[in-house]
Amino acid sequence: MVYYIACGVLVLCVLFGIKLLSSVKTARAGNILSAVSIAVAIILTLYYNNLTDPGIYIFIVLGLVFGLITAKTIKMIDMPQGIALLNGFGGLASALVVLVMLNSGTSASGFEFYTAQVALSIGLITFGGSMIAAGKLHRVIPQKPVVFRGHNLITVILLLVSSVSIVKGGTIANLAAGLLFGIAFSIRVGGADMPITISLLNSLSGVAGGIAGIAISDPLLTSIGGIVGASGLILTQIMCRAMNRSLVD
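Quick caveat: nothing in here was measured; it's all calculated off a predicted structure.

Each helix and strand counted, the protein has 9 helices and 0 strands in total. Moving toward the C terminus, one meets the helices and strands of the protein in the order α-α-α-α-α-α-α-α-α. Against the compact-globule benchmark of 18 Å for 249 residues, the protein has a radius of gyration of 19 Å, which places it among compact chains. Each of the three principal axes of the protein carries a C-alpha extent, and together these read 55 × 50 × 30 Å. Burial status across the protein gives 35% buried among its 249 residues. Considering the protein, the positive charge centre built from 13 side chains and the negative charge centre built from 6 side chains are found 14 Å apart.

Structure representation (structure tokens):
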């Protein structure tokens with residue numbers, strides 16, 4: 001019971017932190033509050049699940065150091081591609097969580113199995129799309145839209161393959177189709193519209209995390225993922241209006 005109460009408090013803190021971001025005067029405090037809440041959530045998850053393997057903490061420290069160095073050294077002009085990379089890492093993290101679950105050897109219910117497959121697909125779509133977005137913004141990839149012959153047909157086929165793989169439990173096919181769809185989806189967007197794409201991918205990273213949380217029965221991950229997914233979609237709509245663009249386009 002104490003764990004669920006603590007989860008609820010942390011979720012409310014993250015929500016309040018996001019609310020504070022709507023004002024210039026309170027944005028810094030909101031950012032700090034949300035970041036501290038996520039840090040506490042990580043510690044709570046480690047404690048609740050009794051995760052004491054030293055290897056886990058070694059990689060947590062490595063990730064923390066990498067994140068701090070990157071945040072300190074990245075230029076503000078390069079921040080959009082930095083955000084794109086973080087979106088991609090979020091999607092990849094969710095995909096890795098469910099991959100470990102699917103290959104752990106423990107029996108999963110039908111609901112958990114199919115939910116994990118959905119999280120895997122969305123996580124890889126987010127990762128593939130975000131890497132292309134970051135590459136375009138950093139001019140590693142040409143910023144102009146890249147449209148293949150039969151591009152629409154390719155994306156439809158990839159979606160069908162992914163859908164069938166989810167139903168049939170074809171993890172490898174689902175992984176490949178999700179990754180390729182993310183690439184095909186993002187590469188046809190021009191550099192001028194890429195901020196909207198990044199915002200949408202940010203939402204998808206939250207959706208992937210939330211669904212992964214459902215698959216592994218983690219209420220905290222489910223809630224935080226839902227918050228990221230919803231807030232990212234709202235931000236996408238705001239950016240579309242500000243840039244006079246259609247989200248469907």
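Let us keep going from here.
As a volume, the second largest pocket reaches approximately 440 Å³. If you list the elements that add at least two residues to the lining of the second largest pocket, you get α6 (151-168), α7 (171-187) and α8 (194-215). By residue number, the principal contributor to the lining of the second largest pocket is α8, which donates 3 residues.

Another aspect to go through is the packing of α6 against α7. Two elements in contact, α6 and α7, have axes separated by 9 Å at closest approach and are oriented at 150°. Between α6 and α7, the angle falls in the class roughly antiparallel. The handedness of the crossing between α6 and α7 comes out as left-handed. Taking contact as the criterion, the partners of His151, Thr155, Leu158, Leu159, Val161, Ser162, Ser165 and Ile166 in α6 are, on α7, Ala173, Asn174, Ala177, Leu180, Phe181, Ala184 and Ile187.

Before going further, it helps to examine helix α3 (residues 54-73). The terminal C-alpha atoms of α3, which comprises 20 residues, lie 29 Å apart, in line with the 28 Å expected from a rise of 1.5 Å per residue. For α3, the N-terminal capping position is held by Asp53, with its side-chain oxygen 2.9 Å away from the main-chain nitrogen of Gly55.

Below, the discussion takes up the side chain of Thr115. Here Thr115 lies in helix α5 (residues 110-137). Judged by relative accessible area, which is 10%, Thr115 ranks as buried. With residues up to four places along the chain from it excluded, the contact list for Thr115 reads Ile211, Ile214 and Ala215.

It is worth spelling out α8 at this point. Under the 1.5 Å per step criterion, the end-to-end length of α8 is 31 Å for 22 residues, consistent within 8% with the ideal 32 Å. With 16 of 22 residues buried, α8 lies mostly within the body of the structure.

How each quantity is defined
- Counting from 1, residues in each chain are numbered in the order their sequence is written.
- Whole-chain, interface and lining totals are the exception, using all residues; otherwise, since this is a predicted model, local features are given only for residues with pLDDT of at least 70 and side-chain atom pairs are given and counted only at 80 or more.
- Computation of side-chain values covers all heavy atoms of the structure but excludes hydrogens and water.
- Segments assigned H or I by DSSP are reported as helices when at least four residues long, segments assigned E as strands when at least two residues long, and all are numbered from the N terminus.
- Throughout, radius of gyration means the C-alpha value; the globule benchmark is 2.2 Å times the number of residues raised to the power 0.38.
- A simple rule labels every residue: compare its accessible area, found with a 1.4 Å probe on the protein chains alone, to the largest value its type can have, and call it buried under 20%, exposed over 50%, or partly exposed in between.
- Only four residue types enter the tally: Lys and Arg on the positive side, Asp and Glu on the negative side; His and the chain ends are excluded.
- Note on charges: their place is set at NZ of Lys, CZ of Arg, CG of Asp or CD of Glu.
- Within this scheme a cavity is a closed region of a 1 Å grid, computed over the protein atoms alone, that accommodates a 1.4 Å probe without allowing it to escape, whereas a pocket is open but has protein on both sides within 12 Å along at least five of seven lines; lining residues each have an atom within 4 Å of a point.
- Grid points are joined across faces, edges and corners, and a volume is the space filled by probe spheres set on the points.
- Geometry is summarised by axes, namely lines fitted to C-alpha atoms with helices restricted to the contacting stretch, and by angles between N-to-C directions that run from 0 to 180 degrees.
- Each angle gets one of four labels, with under 35 degrees taken as roughly parallel, over 145 as roughly antiparallel, 65 to 115 as roughly perpendicular, and the rest as oblique.
- Put simply, a crossing is left-handed when the front helix is turned counterclockwise from the back one by less than a right angle, and right-handed when it is turned clockwise.
- Whether two residues are in contact is decided by their heavy atoms, any of which lying within 4.5 Å being enough.
- Expected helix span is given by 1.5 Å per residue-to-residue step, counting one fewer step than there are residues.
- The definition of a polar contact used here is a pair of N or O atoms within 3.5 Å, where within protein one atom must be able to donate a hydrogen and the other to accept one, and adjacent residues in sequence count solely through side-chain atom pairs.

Structural measurements only, silent on function.
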